[in-house]
Amino acid sequence: MADWVFTGGTTTIIQGIDNSISDYEQWRQRVVQFILKIAESPDFAVKDNGYEKFPEVLVGGVACFYRGKPFAIFCDLPNELIICHNSLRLQLANDLINELKTLWLKTMY
């Protein structure tokens, strides 16, 4: 299982999330399901920039908000997510990563 640990910087990279998927298209579909789950959560908002239809959008990033504060999710390799949370204070960024982990696990079932 991947290590969802906020390390105190402005970007968190999570690797080895689901090693059962090596094909990028399958991985992209999994990430889209994750982003849809994020969009359903009351603490989050997601800007729809075509991430469901266009694979290249995940490489360029999906703009999201957590408790009104911006962050972005990038994905260009299978089994890796890049979370950029530049403007979040340390505690809020830590809370964000923990919430994302919970939502990711909910998409697995």
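Residue positions within a chain follow its written sequence, with the count starting from 1. Predicted model: local features are reported for residues with pLDDT of at least 70 only, side-chain atom pairs are reported and counted for 80 or more only, and whole-chain, interface and lining totals are derived from all residues. The basis for the side-chain values is all heavy atoms of the structure; hydrogens and waters are excluded.

K.L.:
Describe the sheet that holds strand E1 (residues 11-15), with residues and values.
P.N.:
For two strands to be treated as a pair, DSSP must find at least two bridges joining them. Elements are defined by DSSP. Helices are runs of H or I of four residues or more, strands are runs of E of two residues or more, and each kind is numbered from the N terminus. Spatially, five strands are ordered E1-E5-E4-E3-E2 in an open sheet, and the strand pairing comes out antiparallel. Looking at the sheet topology across the chains shown, the edges are occupied by E1 and strand E2 (44-46). Each strand axis lies, on average, 25° off the axis of its neighbour in the sheet, ignoring direction. Pairing analysis gives five bridges linking E1 to strand E5 (residues 80-84), with the strands arranged antiparallel. What sits directly across from Gln 15, in E5, is Glu 80. To get an axis, fit a line to the C-alpha atoms, keeping to the stretch in contact for a helix; angles then go from 0 to 180 degrees between the N-to-C directions.

K.L.:
Tell me about helix H3 (residues 90-107), and please be specific about residues and values.
P.N.:
Over its 18 residues, H3 runs 26 Å from end to end, which matches the ideal 26 Å to within 8%, given 1.5 Å per residue. Categorising residues by exposure relies on relative accessible area from a 1.4 Å probe, with only protein chains included: less than 20% of the type maximum marks a residue as buried, more than 50% marks it as exposed, and the intermediate range marks it as partly exposed. Within H3 the residues assigned to the buried category are Leu 92, Ala 93, Leu 96, Ile 97, Leu 100, Leu 103, Trp 104 and Thr 107. Projected down its long axis, H3 shows its buried positions confined to an angular sector of 140°, all on one face. If you follow the buried residues of H3, they end up packed against E1, helix H1 (24-40), E2, strand E3 (62-66), strand E4 (69-74) and E5. By this rule the span expected of a helix is its residue count minus one, scaled by 1.5 Å. Each C-beta atom gives one direction from the helix axis, and the arc is the one those directions make. We call two residues in contact when some of their heavy atoms are within 4.5 Å.

K.L.:
Outline the nonpolar core, supporting the account with residue identities and numerical values.
P.N.:
Trp 4, Phe 34, Phe 71, Ile 73, Leu 81, Ile 83 and Leu 100 are the most contacted members of the largest nonpolar core, which has 30 residues in total. Of all the secondary structure elements, the ones that give two or more residues to this core are H1, helix H2 (56-60), E3, E4, E5 and H3. The leading source of residues in this core is H3, at seven residues. Excluding residues within four positions of it along the chain, Leu 81 makes contact with Trp 4, Thr 12, Ile 13, Ile 14, Ile 17, Trp 27, Val 31, Phe 34, Ile 73, Phe 74, Cys 75 and Trp 104. Note on terminology: a nonpolar core comprises buried Ala, Val, Leu, Ile, Met, Phe, Trp, Tyr and Cys residues joined through side-chain atoms within 4.5 Å.

K.L.:
Would you mind going over the confidence of the model for the chain in detail, with residue names and values included?
P.N.:
Confidence in the prediction for the chain averages 89 pLDDT; 94% of positions are at 70 or higher. Every residue gets a pLDDT, meaning the predictor's confidence in that residue, from 0 to 100. The spread of mean pLDDT over the elements of the chain runs between H2, the lowest at 85, and E2, the highest at 97.

K.L.:
Tell me what's going on with unusual backbone geometry, and back it up with residues and numbers.
P.N.:
With glycine set apart, most residues show a phi of negative sign, and most peptide bonds adopt trans. One non-glycine residue, Arg 67, adopts positive backbone phi at about 50°. Considering the arrangement of structural elements, one finds Arg 67 in the loop between E3 and E4. Take Arg 67: its relative accessible area is 43%, and that puts it in the partly exposed class. For Asn 79, which is not glycine, the phi torsion reads 70° and is therefore positive. Structurally, the position occupied by Asn 79 is in the loop between E4 and E5.

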